[in-house]
Each structure stands twice: as structure tokens, then as C-alpha cells.
Amino acid sequence: MRKFLKFGALSGGGWLLDSGLLLVLSQGIGVSLSAANFISSSIAALSVYTISRFVVFHAAENRPMLRTLAYFCYTCGIIVVASFLIAPVAWSLQRSADYLLLSPTAAQISFLAKVGITPPQLVANFFMSRYLAE
């Protein structure tokens, strides 16, 4: 449980990086929400994995680059799934807001959609990180 809490705290920082990049890419530069999510999530996930190998887990000495490559491949799969899911989640949030006569901005909807897809990713990332790091 201690490792999960440490990983969760580190992932919180990664999530802030991810969310900030997502908003800059999607709202500031105009990258589609799905593509922006893939880019921002990839950068954040690899950063968290690399740091957590040493801070959270007992980093295995053998083949660190291969382990990182394996995590990147895993991350790509998870992020592709999340990137396909974020647009329908955002659409659902917008429809719900319309029904409730609320007027959130596109950035607010994007952020809330990101919040919605994060918890399952966190759990999956912890187990994969632990497996590959140790």
C-alpha cells in the first residue's frame, strides 16, 4: 500500500503535467483532443515511470532501456484506448451540461473528461510499473 501511495503522489505530479500539456495542446495550439491526450499522456507517463523506478520501486539493474521501452509500448496501448474514450466522455459531459443549462468552456469540458478517464489508468499504470521496474 505504501508503494501505491508513493506512486499515486508521483502520478499526481505527472497528472498535472499531463493535464497542463493537454490544455495547451488542445486549447492553445488547436490539436485535436484525442491527439493532444496521446502526446501529453505519453510524456507524463514516461516521466512518472522513469522517476518511480528509483523513488518507489526497487529498480532492477538489468536492461533498464528494454524495460522502459516495454513500458512505453504498454503506455501507448493504454493511451490509445483513453484517447479514443476521452472524446465520447467529453461529449457526454457537454450534453449533461446542456441538459442542466450550464455553459462550461471547451477547456473545462476537456479537463473534466481527463479527470474521468484517469482513475483506471492510475491503477493499471501502478501494476505495470511495479512489474517492469522490479
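Look up a bit, the structure's there.
Residues numbered from 1 in each chain as written. Predicted model: local features only at pLDDT ≥ 70, side-chain atom pairs only at ≥ 80, totals over all residues. Heavy atoms only, no water.

S.K.: Before we go on, may I ask you to explain the side chain of Asn125 in this structure?
M.R.: Note on placement: Asn125 falls in helix α4 (residues 106–133). Residues in contact with Asn125, not counting those within four places in the same chain, are Phe7, Tyr71, Tyr74 and Ile78. (Helix = DSSP H or I, 4+ residues; strand = E, 2+ residues; numbered from the N terminus. Contact = heavy atoms within 4.5 Å.)

S.K.: It is not clear to me how the layout of surface pockets should be interpreted in this structure. Could you clarify?
M.R.: Once rolled over the atoms, a probe with the size of a water molecule shows which space is left empty. By volume, the largest pocket is sized at about 290 Å³. Lining the largest pocket are 20 residues, and of these Ser11, Trp15, Asp18, Thr118 and Asn125 sit closest to its centre. The set of elements that each furnish at least two residues to the lining of the largest pocket consists of α1 (2–29), α2 (33–55), α3 (64–99) and α4. For the lining of the largest pocket, the element with the highest residue contribution is α1, accounting for seven residues. Broken down by class, the residue content of the lining of the largest pocket amounts to nine nonpolar, nine polar and two charged. (1 Å grid on protein atoms, 1.4 Å probe; cavity = no way out; pocket = protein on both sides within 12 Å on 5 of 7 lines; lining within 4 Å. Points joined across faces, edges and corners; volume = space filled by probe spheres on them. Nonpolar A, V, L, I, M, F, W, Y, C, P; charged D, E, K, R; others polar.)

S.K.: How should unusual backbone geometry be read in this particular structure?
M.R.: Across residues other than glycine, the phi torsion is negative in most instances, and most of the peptide bonds are trans. Notably, Arg63 is not glycine yet its phi reads approximately 55 degrees, a positive angle. As for its position among the elements, Arg63 is in the loop between α2 and α3. Unlike most non-glycine residues, Leu101 shows phi in positive territory, near 60 degrees. Within the secondary structure layout, Leu101 lies in the loop between α3 and α4.

S.K.: Any chance you could explain a nonpolar patch on the surface here in plain terms?
M.R.: Taken together, the side chains of Leu17, Ile39 and Ile43 make up a nonpolar region of the molecular surface, amounting to roughly 230 Å² of accessible area. When you line up the elements, Leu17 lands in helix α1. For Leu17, a relative accessible area of 37% translates into the label partly exposed. (Patch = residues over 30% accessible without salt bridge, like charges linked within 9 Å, V, L, I, M, F, W, Y side chains within 5 Å. Areas by Shrake-Rupley, 256 points an atom, 1.4 Å probe, with all protein chains shown as cover. Salt bridge = Lys/Arg side-chain N within 4 Å of Asp/Glu carboxyl O. Buried < 20%, exposed > 50% of the residue type's maximum accessible area, 1.4 Å probe, protein only.)

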